[in-house]
Amino acid sequence: MGFLWTGTWILVLVLHSTPIQAFPKPGGIQDKSLHNRELSAERPLNEQIAEAEADKIKKTYPPENKPGDSNYSFVDNLNLLKAITEKEKIEKERQSIRSSSFDNKLNVEDVDSTKNRKLIDDYDSTKSGLDHKFQDDPDGLHQLDGTPLTAEDIVHKIATRIYEENDRGVFDKIVSKLLNLGLITENQAHTLEDEVAEALQKLISEEANNYEEELNKSTSRTENQAGKIPEKVTPMAAIQDGFTNGENDETVSNTLTLTNGLERRTKTYGEDDFEELQYFPNFYALLKSIDSVPSEKSHEETDSTKEEAAKMEKEYGALKDSTKDDNSNPGGKTDEPKGKTEAYLEAIRKNIEWLKKHDKKANKEDYDLSKMRDFINQQADAYVEKGILDKEEADAIKRIYSSL
Amino acid sequence: MAGQGGSALLALCVALAACGWLLGADAQEPGAPAAGMRRRRRLQQEDGISFEYHRYPELREALVSVWLQCTAISRIYTVGRSFEGRELLVIELSDNPGVHEPGEPEFKYIGNMHGNEAVGRELLIFLAQYLCNEYQKGNETIVNLIHNTRIHIMPSLNPDGFEKAASQPGELKDWFVGRSNAQGIDLNRNFPDLDRIVYLNEKEGGPNNHLLKNLKKIVDQNTKLAPETKAVIHWIMDIPFVLSANLHGGDLVANYPYDETRSGSAHEYSSCPDDAIFQSVARAYSSFNPAMSDPNRPPCRKNDDDSSFVDGTTNGGAWYSVPGGMQDFNYLSSNCFEITVELSCEKFPPEETLKSYWEDNKNSLISYLEQIHRGVKGFVRDLQGNPIANATISVEGIDHDITSAKDGDYWRLLVPGNYKLTASAPGYLAITKKVAVPYSPAVGVDFELESFSERKEEEKEELMEWWKMMSETLNF
């Protein structure tokens, strides 16, 4: 999305660039050498795009030549670019809505409140609200304070876009398109590359400093970022390495070196989308680091209390029931077991009665007494083990059931 | 049950006779003690419930009888042993005893934690029998309760203390003997004092629930905790109780959190974040007990200060400050809401009064049980339908969160009103829902949480889509 805008603005810049300074300074006078066929043909392109946005026309780029004959291919390209920029604008608007929803911590609808919140917003603490890319100027034509973009701004914007998307392909694609359209010369492409490289380098070192500061500030999130830091640093280092190594440096595929771009500009890029993710090493690293943090956390809260209760039960159940001594009472001992047995008998009788009635209701043919007997035997034994029944009681109960 | 009470009664009668039993309550049986006892016993029995004091053996046998009669819906278990080795027996009543059915709330009654406060112990034995009887009779209220609740009844948390109290000669029992456990520990002052911690957190920030961290270690290593206290703490941590009541004697009121005053003063209304629902459930108990809810009832003792009592209920701190109590411990260490019910002006009243105590309390006991089916309940799951245990459910405006149990199930007691509930869990994106809560039954609200990795997958796909679109459009 970003490179479309950078693409259009590169067109704008290219129109007014000088061989020495790649991009014009604000209010700068155009160099004669640029008053060529392409420039005069491009100006209407520039103006039409600017008008399509219905915003302030760039005053820094005063039109010096009248619009000339339009090349048919340029019109096609213009329309294509317009369509794309339109799409991108909508995309940007959508994204800025999403970013403002993020600020509402709780969505109070009955519907899922999480949809408006972007994961990275929640999770990636390196991006403060202001740094958030979705809060950039949606139409790309102005700075945040409304003043028109200068040449430096545009170079910076391209560099930023490359940095954020960690995608040297952004630049390559733009430049190769421009070359294919004949809008810039190879020399101009070189110069542009140098300027952007410089800006990108500056950006990287800036961001590295900011990042360190934020690291020191946030205590609670350092855990989360621990996974990310080394991975984020690596691509940055790779970028830097790429630039400092000079123009002719051949690098491995994952590092970003714009100097290598010249050779690849005329090549069409592969259709395989999944390979494209190599152009997003930062995001990939983020995904990986997010993976590791939840799996770490899930180990922390294992609930072991159920185990403990079972252990405790076992422990206490193994001890002998020492309360039997309480049973000894003068004059009542012989009565007691008889009375107790009567009571148990009565209870069992009521149980069987109810079960029969209950099973009848459930349309069961015959009440399964043997099953019941087994269950009672099992339970009685378990209860003896736990000290709930004593042995004689359990035997009595089993006897009663077996006699039914 | 005919014979087993015989020996106890005999012993009691002999003791009573020695103290001038003739002046006692039993005016109906002027004949020989033995015959009178048997007849009295018959009169005092009703549908298997014998309205007499049960010592430890009788208590055990009474519970076994209930189990034998209702094997399909009951189970006896023990949560541990008292200092002197008596089992802390619990009888559980539910349609699937021994099993926590996902979504089914768990309830407990605990009696007799002060050994000489005897009415609660007896009422709970009667209640177990009553629930069994009524279930088999097809009593719809009881059948529904047993099918939709898992009811745990512990008649005595302090069987050692009870034995001491019950063994006293004479009808009149001492106000203190048998109150503590066999070690002399007052169990209702023995729980970790979480009130102090929550008061600190209220001022300085900090969690508002589950304040006892690293529980097992603390409980097992704490030498000051009585075995009865430890057993209950394990019990509370093991079963996801939702509602509970702790039965006492010595006054007549339903008491609710917080028990300990914030300032440390002797009397001060100390409301907890759930003051509204606590008042409501306390009232649900007291309003069915005619004596408790009688506005014109004189205080138990002439000089008692019952100024804090409203409709038979009171805030704990407003009545008098109690630190280390079991009630507040429940609320601050787990999801369980517990009240303390004082059942009788006299801690250990004469046996003959037990029947009338049962009559006064049986409706209250059932009414309070039903309170568990209020508020909001449901499940917290992930997008694949797997339960998320230990998710936090917070209610806007109430500074007390609860958590989901092992099956992702939760129960949030609330008085009628409109609420916003938020379910959250580590690694997941939180969800908030609006709920309108009636008096009862509980409203079902489920949450399906999206994990971070799922969201990340979504975003990755979105990014891929964008890249695809750009590539296609620009013909790269």
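Rules used throughout
- Sequence order sets the numbering: in each chain, residues are counted from 1 along the sequence as written.
- Key to labels: chains lettered from A, ligands numbered from 1, both in the order written.
- Only residues with pLDDT of at least 70 are given local features in this predicted model, and only at 80 or more are side-chain atom pairs given and counted; all residues enter the totals for whole chains, interfaces and linings.
- Remark: hydrogens and water are excluded; side-chain values derive from all non-hydrogen atoms of the structure.
- Helix numbering and strand numbering both begin at the N terminus, where a helix is a DSSP run of H or I of at least 4 residues and a strand a DSSP run of E of at least 2.
- Classification of residues uses two cut-offs on accessible area relative to the type maximum, computed with a 1.4 Å probe and protein chains only: under 20% is buried, over 50% is exposed, and between them is partly exposed.
- Using the Shrake-Rupley algorithm and a 1.4 Å probe, accessible areas are obtained, with residue cover drawn only from the displayed protein chains.
- The span one expects for a helix is its residue count, reduced by one, times 1.5 Å.
- The angle between two axes is taken between their N-to-C directions and runs from 0 to 180 degrees, where each axis is a line fitted to C-alpha atoms and a helix contributes only its stretch in contact.
- Comment on the angle field: the value is read as roughly parallel under 35 degrees, roughly antiparallel over 145, roughly perpendicular from 65 to 115, and oblique elsewhere.
- Two helices cross in a left-handed way if the nearer one is turned anticlockwise from the farther one by less than a right angle. They cross in a right-handed way if the turn is clockwise.
- By the convention used here, residues are in contact when the closest approach between their heavy atoms is within 4.5 Å.
- Polarity classes work like this: nonpolar for Ala, Val, Leu, Ile, Met, Phe, Trp, Tyr, Cys and Pro, charged for Asp, Glu, Lys and Arg, and polar for all others, with Gly in that last group.
- Each nonpolar core is a collection of buried residues, namely Ala, Val, Leu, Ile, Met, Phe, Trp, Tyr and Cys, held together in the definition by side-chain atoms within 4.5 Å.
- A pairing counts as a salt bridge when a side-chain nitrogen of Lys or Arg comes within 4 Å of a carboxyl oxygen of Asp or Glu.
- Throughout, a disulfide means two cysteine sulfur atoms within 2.5 Å of one another.
- Identification of polar contacts relies on pairs of N or O atoms within 3.5 Å, with a donor-acceptor requirement for protein atoms, meaning one able to donate a hydrogen and the other able to accept it, and with residues adjacent in sequence counted only if both atoms are side-chain atoms.
- The pairing criterion is simple: DSSP has to find at least two bridges between the two strands.
- Within a predicted model, pLDDT stands for the predictor's per-residue confidence, ranging from 0 to 100.
- Like charges within 9 Å and nonpolar side chains (Val, Leu, Ile, Met, Phe, Trp, Tyr) within 5 Å are joined into patches, using only residues over 30% in relative accessible area that form no salt bridge.
- In summary, the charge assignment counts Lys and Arg as positive and Asp and Glu as negative, without counting His or the chain termini.
- Taken as the charge centre is NZ of Lys, CZ of Arg, CG of Asp or CD of Glu, depending on the residue.

1. Here we look at the overall build of chain B
Along its length, chain B carries 15 helices and 19 strands. A buried classification covers 62% of the 476 residues belonging to chain B. Total accessible area on chain B is roughly 16,700 Å²; 53% of this is exposed by carbon and sulfur atoms.

2. Brief notes about helix 15 (residues 369-386) of chain A
In this model helix 15 of chain A runs 25 Å from its N-terminal to its C-terminal C-alpha over 18 residues, within 8% of the 26 Å that 1.5 Å per residue would give. Taken from the residues just after helix 15 of chain A, G387 of chain A is the one with a positive phi, measuring 85 degrees.

3. Re the packing of helix 16 (residues 391-403) of chain A against helix 3 (residues 56-69) of chain B
To characterise two packed helices, one gives the angle between the axes of the helices and the distance between these axes. Viewed as axis vectors pointing N to C, helix 16 of chain A and helix 3 of chain B meet at an angle of 25 degrees, and their least axial separation amounts to 13 Å. In terms of their interaxial angle, helix 16 of chain A and helix 3 of chain B are classed as roughly parallel. In this structure, the crossing between helix 16 of chain A and helix 3 of chain B has a hand that is right-handed. Across the interface between the two elements, E393, I397 and Y401 of chain A of helix 16 of chain A pack against R60, E61, V64 and L68 of chain B of helix 3 of chain B. Each residue belonging to the contact of helix 16 of chain A with helix 3 of chain B can be placed in one class, and the counts come to four nonpolar, no polar and three charged.

4. Details of the nonpolar core
Membership of the largest hydrophobic core comes to 142 residues, with the highest contact counts inside it found for Y109, L127, I339 and L421 of chain B. Look past the residues within four positions of I339 of chain B in its chain and what remains in contact with it is S244, A245, N246, A254, N255, Y256, F278, V281, A282, Q327 and Y368 of chain B.

5. Remarks on the pattern of salt bridges
All names here are of chain B. For the coordinates displayed, the defined rule picks out 34 salt bridges over all chains. Among the ionic pairs, E84 bridges to R86, the shortest N-O distance being 2.8 Å. Using a relative accessible area of 8% as the deciding quantity, one classes R86 as buried. Measuring nitrogen to oxygen at the nearest pair gives 3.6 Å for the salt bridge that ties R301 to D251. Within this pair, whereas R301 is found in the loop between helix 11 (290-293) and strand 9 (313-315), its partner D251 is found in strand 8 (residues 251-256), the two being separated by 50 residues in sequence.

6. Side note on unusual backbone geometry
Residue and element names in this part refer to chain B. Following P257, the chain continues into Y258 via a peptide bond in cis, with omega recorded as -5 degrees. Take Y258: it is sitting in the loop between strand 8 and helix 10 (275-286). Following S440, the chain continues into P441 via a peptide bond in cis, with omega recorded as 0 degrees. Mapped onto the fold, P441 is located in the loop between strand 17 (431-437) and strand 18 (443-444). Of note in this structure, N112 is not a glycine but carries a positive phi near 60 degrees. Among the structural elements, N112 can be located in the loop between strand 5 (106-111) and helix 4 (119-137). On the basis of relative accessibility, which here comes to 0%, the residue N112 falls in the buried class. With a phi angle near 55 degrees, D311 is a residue other than glycine that sits in the positive phi range. Residue D311 is classed as partly exposed on the basis of its relative accessible area, which comes to 46%.

7. Section: the state of the cysteines
A covalent bond between the sulfur atoms of two cysteines is what we call a disulfide. Residue and element names in this part refer to chain B. Across all of its chains, the model carries two disulfides over all chains by this definition. Here C300 engages in a disulfide with C345; their sulfurs sit 2.0 Å apart. Between C300 and C345 the disulfide shows an S-S torsion of about -70 degrees. By sign, it is left-handed. Within this pair, whereas C300 is found in the loop between helix 11 and strand 9, its partner C345 is found in the loop between strand 10 (337-344) and helix 14 (354-370), the two being separated by 45 residues in sequence. The partly exposed category is assigned to C345, whose relative accessible area is 27%. The connectivity of the disulfides in chain B is 1-2, 3-4, where the numbers refer to bonded cysteines in sequence order.

8. Concerning the packing of helix 9 (residues 227-238) of chain B against helix 13 (residues 326-333) of chain B
Residues and elements named next belong to chain B. At a minimum axis distance of 11 Å, the contact between helix 9 and helix 13 shows a crossing angle of 35 degrees. Classified by chirality, the crossing of helix 13 by helix 9 is right-handed. Contacts from V232, I233, I236 and M237 of helix 9 reach helix 13 at M326, F329, N330 and S333. Split by residue class, the contact of helix 9 with helix 13 holds six nonpolar, two polar and no charged.

9. Overview of helix 3 of chain B
Here helix 3 of chain B contains 14 residues, and its C-alpha end-to-end distance of 20 Å stays within 8% of the 20 Å for a straight helix at 1.5 Å per residue. When you tally the buried positions in helix 3 of chain B, you get 14 out of 14 residues, the bulk of the element.

10. Concerning the environment of N209 of chain B
Residues and elements named next belong to chain B. Mapped onto the fold, N209 is located in the loop between helix 7 (194-204) and helix 8 (215-221). Residue class for N209 comes out buried when judged on its relative accessible area of 12%. Remark: the alpha-carbon pair of N209 and L194, spanning 15 residues in sequence, is separated by 9.8 Å. With sequence-adjacent residues up to four places away left out, N209 is seen in contact with L332, H400, D401 and T403. Here the side chain of N209 touches N208 through a polar contact of 2.7 Å, side chain to side chain. Only 2.8 Å separates the side chain of N209 from the side chain of H210, close enough to count as a polar contact.

11. A look at the pairing of strand 8 of chain B
Residues and elements named next belong to chain B. Of all six residues making up strand 8, six are buried, and the element is well covered by its neighbours. Because side chains alternate across strand 8, one face comprises the buried residues D251, V253 and N255, and the other comprises L252, A254 and Y256, equally buried. Two strands pair when backbone bridges link them, and strand 8 and strand 10 are joined in this way by five bridges, in the antiparallel orientation. Residue V253 lies in a different strand from strand 10, and its bridge partner there is E342. Pairing of strand 8 with strand 9, which is carried by three bridges, proceeds in the parallel orientation. Of the residues in strand 9, the one forming a bridge with N255 is T314.

12. Remarks on the sheet that holds strand 6 (residues 150-154) of chain B
Residue and element names in this part refer to chain B. In spatial order, the strands read 3-4-6-5-7-10-8-9; together these eight strands make up an open sheet with mixed pairing. Either end of the sheet is taken by a strand with one partner, and the two such strands are strand 3 (74-81) and strand 9. Pairwise comparison of adjacent strand axes, ignoring direction, gives a mean angle of 25 degrees for this sheet. Here strand 3 pairs with strand 4 (residues 87-93) via six bridges, running antiparallel. Within strand 4, the residue paired with S74 across the bridge is L93. Helix 10 rests against strand 5, strand 8, strand 9 and strand 10 of the sheet, and its axis sits at about 35 degrees to strand 10.

13. Describing the sheet that holds strand 13 (residues 398-403) of chain B
What holds strands together in a sheet is hydrogen bonding between their backbones, with the strands either parallel or antiparallel. Residue and element names in this part refer to chain B. Strand order across the open sheet formed by four strands is 13-12-15-17, with antiparallel pairing between neighbours. Both edges of this open sheet fall to strand 13 and strand 17, since each of them pairs with a single strand only. Neighbour-to-neighbour, the strand axes of the sheet open up by a mean angle of 25 degrees, direction not taken into account. Two elements, strand 15 (residues 417-424) and strand 17, share seven bridges in a ladder whose sense is antiparallel. Each bridged residue has a counterpart across the sheet, and for L421 the counterpart in strand 17 is K433.

14. A word on the confidence of the model for chain B
Residue and element names in this part refer to chain B. Mean pLDDT over chain B works out to 91, with 90% of the residues at or above the 70 mark. Confidence over residues 1-5 falls short of pLDDT 50; this stretch has 20 contacts with residues more than four positions distant or in other chains. Here residues 11-43 scores under 50 on pLDDT; set against residues more than four positions off or in separate chains, the count is 24 contacts. Interface predicted TM-score (ipTM) for the complex: 0.84; the corresponding pTM is 0.62.

15. Here we look at a negative patch on the surface
Taken together, E457, E461, E465 and E472 of chain B make up a surface patch of like negative charges. Here E465 of chain B is to be found in helix 15 (residues 452-474).

16. Side note on the pairing of strand 5 of chain B
Residues and elements named next belong to chain B. Judged by how many residues are buried, strand 5 sits mostly within the fold: six of six residues are covered. In strand 5, alternate side chains face the same way, and those of E106, K108 and I110 on one face and F107, Y109 and G111 on the other are all buried. As paired elements, strand 5 and strand 6 share five bridges and run parallel to each other. For E106, the partnering residue across the bridge sits in strand 6 and is R150.

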